[in-house]
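Residues per chain, in single letters:
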Amino acid sequence: MTNLLNRVSNFTQLPLLYKATGNDETSIPGTTLTEIKRLAFESSSTLTFIQDFLLEKLASSGSYSRTKCLRILKYLVDHGPLEFTVALRRKADPIERCKVYTGPVDPLHGDALYVAVRKQSTE
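Bear in mind that the values here come from a model prediction, so they are computed numbers and not experimental data. (Residues numbered from 1 in each chain as written. Predicted model: local features only at pLDDT ≥ 70, side-chain atom pairs only at ≥ 80, totals over all residues. Heavy atoms only, no water.)

Draft legend 1. Looking closely at the pattern of salt bridges. This model, assessed by the stated rule, comprises five salt bridges. Of the charged contacts, one joins Arg-38 and Glu-35 as a salt bridge, the two residues approaching to 2.5 Å between their closest N and O atoms. Of this pair, Arg-38 and Glu-35 are both found in helix H3 (residues 30-42), three residues apart, which corresponds to roughly one turn of the helix. Given a relative accessible area of 28%, Glu-35 falls into the partly exposed group. Note that Lys-74 and Asp-78 form a salt bridge whose closest N and O atoms lie 3.0 Å from each other. One end of the pair is Lys-74 and the other is Asp-78, both in helix H5 (residues 63-79) and four residues apart, which spans about a single turn. For Lys-74, a relative accessible area of 30% translates into the label partly exposed. Within this structure, Glu-35, Arg-38 and Glu-42 form a network of salt bridges that share partners. (Salt bridge = Lys/Arg side-chain N within 4 Å of Asp/Glu carboxyl O. Helix = DSSP H or I, 4+ residues; strand = E, 2+ residues; numbered from the N terminus. Buried < 20%, exposed > 50% of the residue type's maximum accessible area, 1.4 Å probe, protein only.)

Draft legend 2. Local environment of the packing of aromatic side chains. The tally for this structure, following the rule as stated, stands at one aromatic pair. Relative to Phe-53, the ring of Tyr-18 has its centre 5.2 Å away and its plane inclined at 90°; by these criteria the two rings are edge-to-face. Of this pair, Tyr-18 sits in helix H2 (residues 14-20) while Phe-53 sits in helix H4 (residues 44-60), and the two are 35 residues apart along the sequence. Under the relative-accessibility criterion, Tyr-18 is labelled partly exposed at 47%. The exposure class of Phe-53 is buried, given its relative accessible area of 11%. (Phe/Tyr/Trp six-rings, centres within 6.5 Å; stacked < 30°, edge-to-face > 60°.)

Draft legend 3. A look at helix H6 (residues 82-90). All buried positions along H6 are accounted for by Phe-84, Thr-85, Ala-87 and Leu-88. Where H6 is buried, its residues contact H4, H5 and helix H7 (93-98). (Contact = heavy atoms within 4.5 Å.)

Draft legend 4. Representation of the packing of H3 against H5. The N-to-C vectors of H3 and H5 enclose an angle of 55°; their axes lie 10 Å apart at closest approach. Considering their axes alone, H3 and H5 lie oblique with respect to each other. Here the hand of the crossing between H3 and H5 comes out right-handed. Listed contacts from H5 to Leu-33, Thr-34, Ile-36, Lys-37, Ala-40 and Phe-41 of H3 are Arg-71, Ile-72, Tyr-75, Leu-76 and His-79. (Axes fitted to C-alpha atoms, helices over the stretch in contact; angles between N-to-C directions. Parallel < 35°, antiparallel > 145°, perpendicular 65-115°, else oblique. Left-handed = near helix turned anticlockwise from the far one by under 90°.)

Draft legend 5. Structural view of the side chain of Thr-32. Along the chain, the position of Thr-32 falls in helix H3. The contact partners of Thr-32, leaving out residues within four places of it in the chain, are Leu-16 and Ala-20.

Draft legend 6. Spotlight on the nonpolar core. Judged by nonpolar contacts, the single largest core of 27 residues is most densely connected at Ile-50, Leu-54, Leu-58, Ile-72, Leu-73 and Leu-76. Of all elements in the fold, only H2, H3, H4, H5, H6 and H7 reach the threshold of two or more residues within this core. Sorting elements by how many residues they give to this core places H4 first, with seven residues. In contact with Leu-54, other than residues within four places in its own chain, are Thr-21, Cys-69, Ile-72, Leu-73 and Leu-76. (Core = buried A, V, L, I, M, F, W, Y, C linked by side-chain atoms within 4.5 Å.)

And the structure:
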């Protein structure tokens, strides 16, 4: 029964995570980062859910989303629970792939979006 309740509570966090990782030029507000950090401290299952969501989104979305996911991951490594950092080290493949992220040159931004993702992934 508690497993079901954990799943339901995790799904209630999806709107916040989708808003924070949207594929647009807006930056992530500090209050959103603080809210995600608070959720990370709630329970182990919520922490795992947030980490899995961010890593999955990192592997399958656009440049803006990747940059935002990397920023959230860095914020949680710096300010979140220690178990997040330990678990992230075991699942670092999507972050490693971002270090060589590239694609077709954007007519408006050029290569800047890919450079931003690569730079953020090395931090």
